[in-house]
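# Survey of secondary and tertiary structure
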Amino acid sequence: MSIASSPDFFLTRLGDELVLQQGQPPHANPNVPRKRILVVGGGVTGFTALLDAGYDVTVGAERWADPKNRITSQIAGALWEFPPAVCGKHTDVISLYNSKRWCMTAYRVFDKLQEIMPRSDYLDHGVQMRMANFFFDQQMENMPDRGQLDKYEEIVAQSDIKGVRRDSNIVNEHEVNQKAGVVDAYQHLAPVIDTDAYMHWLRFVLVCKGAIMETRRINGDLLDQEEELLAEYGADAIVNATGLAGLELAGDASVYPLRGALIRVVNDGSKFPKVTEALAVTHDDTRGEDEDIVFIVPRNDHTLILGGLAQPHKYELDLTLDSPEIIRMRQRCNNFVPGLEHAEYDPDAPLVQGLRPFRGSNVRVERELRPRSDGSMSRIVHSYGQGGAGFSLSFGSWKLVFPRRRCRAAAGISVRRLKH
């Protein structure tokens, strides 16, 4: 896809699945007026909302993706994972069940994107399929909690996940330092996303498809200003995809941050053997330790990201390379890959940090349940609380609001109610 061409692909709903297809979307009936939707939020969730859904879209956000002043979506680890993610914390049974379905939709969309748009094209979407390796310090069968073994067995059962293999030899193949103490491992192909490139590309796609971008900040509960916003934008509905701001805009007191940070180092093979696959050790809730994650992932062909950190209810973005938890995080990664201690920091951004948007019962994708002041049903749809899985859930969660041929709610959007 060149910078001057329009995107030659579209999303469409086939049965209960959202799929990416090559070509131009079917022309809408010119005799049927198109509805306009106001999307609040300029992150990956907001940008994915209603793409090719048959609506005119206005996206409003206070900030946009910028390599010099990154938003949360750019700071994300952006390694596709089958839930629960490496950083853990997703516990709600219904939310976890839905997330497992949604992540598979995203996997198939990202995989198809690789097929129809090779990375050699002029405008790089930043998505690569890489081998992701997950390591454990004991055989999964011997763990006190069956969670990791159950997760692996579910991955095996997913026919669309490619390259699945469990083998303790993976430890030796990657020359993992014996000090790391890992003895079991599995791997599979997974989308790995260069978030700077992807967010730039996704905005370009949205604009090409007719979306309007407006820089603005909205304060207060959306429900209290719903009628005014609908009138101001000539919109039929509002989508709230504001992440952590759901605390204010949705009046949701259960929303809280899970602070994370990533060290960025040069990955050119000059100081240590170039890392081309993702290497991860998952957070283990049974140990009572907050700092046990190892997250080593190629961001692109020349940058490696090192993590991870998961600090609940920490709002301050005041970490530095000299912060004790960052020093320990770097040491965990150094102890895992021989030679990594010699890595040079990325000169432009050696450390990035952000706040993952979590909530008490995890992901919320549903219509606003509170009535408007006149007693009528709200036309607000919420999608926030994806935590550290925004990219993994991005396309899948929007299956719930993507138009259905036979069933549409009053605002023209079909939404299922989820427990939250």
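So, here is what we can say about the structure in this document. All figures in this text were calculated on a predicted structure; none of them were measured in a lab.

Further remarks concern the pairing of strand β11 (residues 278-281). Covered by surrounding structure in β11 are A278 and A280 together with L279 and V281, the residues of both alternating faces. One ladder, built from four bridges, connects strand β5 (residues 127-136) with β11; its direction is parallel. Paired with N133 across the bridge in β11 is L279.

On to empty space enclosed by the protein. What the rule picks out here adds up to five cavities of 30 Å³ or more. By volume, the second largest cavity amounts to about 60 Å³. In terms of lining residues, the second largest cavity is bounded by F9, L11, L20, L51, V109, L113, Y198, W201, L202 and F395. Only β1 (9-14), α3 (93-116) and α6 (195-208) provide two or more residues apiece to the lining of the second largest cavity. Here the lining of the second largest cavity gets three residues from one element, more than from any other, and that element is α6. Of the residues in the lining of the second largest cavity, the class split is ten nonpolar, no polar and no charged.

What follows covers the side chain of H125. Here H125 is to be found in the loop between α3 and β5. At a separation of 3.0 Å, a polar atom in the side chain of H125 contacts the main-chain amide nitrogen of V127. Among residues more than four places away in sequence, those in contact with H125 are L113, Q114, M117, R119, A197, Y198 and W201.

Turning our eyes to something else, we now look at the nonpolar core. Within the largest apolar cluster, 82 residues are counted, with the highest numbers of intra-cluster contacts made by L79, W80, Y198 and W201. With nine residues, the single largest contributor to this core is α3. With 27 residues, the next largest nonpolar core counts V171, V176, L279 and M329 among its residues.

Time to look at the pattern of salt bridges. Under the defined criterion, the tally for this structure stands at 26 salt bridges. K112 is paired through a salt bridge with E115; the nearest N and O atoms lie 3.2 Å apart. Placement of the pair is K112 and E115 together in helix α3, with a separation of three residues, close to one helical turn. When its relative accessible area of 27% is taken as the criterion, K112 is described as partly exposed. On the basis of relative accessibility, which here comes to 57%, the residue E115 falls in the exposed class. The salt bridge involving R259 is made with D318; its shortest N-O contact spans 3.0 Å. Separated by 59 residues along the polypeptide, R259 in strand β10 (residues 255-266) and D318 in the loop between β14 (311-312) and α9 (324-334) bring together distant segments of the chain. Look at R259 and you get buried, because its relative accessible area is 4%. Overlapping salt bridges, with partners in common, bring together E17, R108 and D160 in one network.

Turning next to α6. If you check α6, its first and last C-alpha atoms are 20 Å apart, about what 14 residues at 1.5 Å a residue would give, namely 20 Å. With respect to burial, α6 is a largely interior element, ten of its 14 residues being buried. Within α6 the residues assigned to the buried category are T195, D196, A197, Y198, M199, W201, L202, F204, V205 and L206. Immediately beyond the C-terminal end of α6, within one or two residues, lies G210, with a positive phi of roughly 105°.

Let us look at the sheet that holds strand β3 (residues 36-40). One open sheet accounts for six strands, arranged β8-β4-β3-β9-β17-β16; its pairing is mixed. Two strands close off the open sheet at either side, each with one partner strand: β8 (212-215) and β16 (364-367). Direction aside, the axes of adjacent strands within the sheet are offset by 15° on average. Bridge count between strand β4 (residues 56-61) and β8: four bridges; the pairing is parallel. Note on β8: the bridge partner recorded for G60 is E214.

Quick look at the packing of aromatic side chains now. Per the counting criterion, the structure on display carries twelve aromatic pairs. Taken together, the ring pairs in this structure connect F9, F110, Y198, W201, F391 and F395 into an aromatic cluster. We note K151 situated over the ring of F134; from NZ or CZ to the ring centre the distance is 5.7 Å. Here the guanidinium or amino end of R203 rests over the ring plane of W64, the centre of that ring lying 4.6 Å away.

The amide bond that connects P83 to the next residue, P84, takes the cis arrangement and shows omega of -5°. For P84, the location among the structural elements is in the loop between α2 (72-75) and α3. Following G307, the chain continues into G308 via a peptide bond in cis, with omega recorded as 5°. Mapped onto the elements of the fold, G308 is located in the loop between β13 (303-307) and β14.

The next thing to look at is the environment of E277. Within the secondary structure, E277 is located in the loop between β10 and β11. According to the relative accessible area criterion, E277 is partly exposed, its value standing at 23%. Along the chain, E277 and A190 lie 87 residues apart, while their C-alpha atoms are 9.8 Å from each other. Residues contacting E277, with those up to four places away along its chain left out, are M131, N133, H174, Q187, I296 and P298.

Scoring rules and cut-offs
- Residues numbered from 1 in each chain as written.
- Predicted model: local features only at pLDDT ≥ 70, side-chain atom pairs only at ≥ 80, totals over all residues.
- Heavy atoms only, no water.
- Buried < 20%, exposed > 50% of the residue type's maximum accessible area, 1.4 Å probe, protein only.
- Helix = DSSP H or I, 4+ residues; strand = E, 2+ residues; numbered from the N terminus.
- Pairing = 2+ DSSP bridges.
- 1 Å grid on protein atoms, 1.4 Å probe; cavity = no way out; pocket = protein on both sides within 12 Å on 5 of 7 lines; lining within 4 Å.
- Points joined across faces, edges and corners; volume = space filled by probe spheres on them.
- Nonpolar A, V, L, I, M, F, W, Y, C, P; charged D, E, K, R; others polar.
- Polar contact = N/O pair within 3.5 Å; in protein donor to acceptor, adjacent residues only side chain to side chain.
- Contact = heavy atoms within 4.5 Å.
- Core = buried A, V, L, I, M, F, W, Y, C linked by side-chain atoms within 4.5 Å.
- Salt bridge = Lys/Arg side-chain N within 4 Å of Asp/Glu carboxyl O.
- Expected span 1.5 Å × (residues − 1).
- Axes fitted to C-alpha atoms, helices over the stretch in contact; angles between N-to-C directions.
- Phe/Tyr/Trp six-rings, centres within 6.5 Å; stacked < 30°, edge-to-face > 60°.
- Lys NZ or Arg CZ within 6 Å of the ring centre and 35° of its normal.

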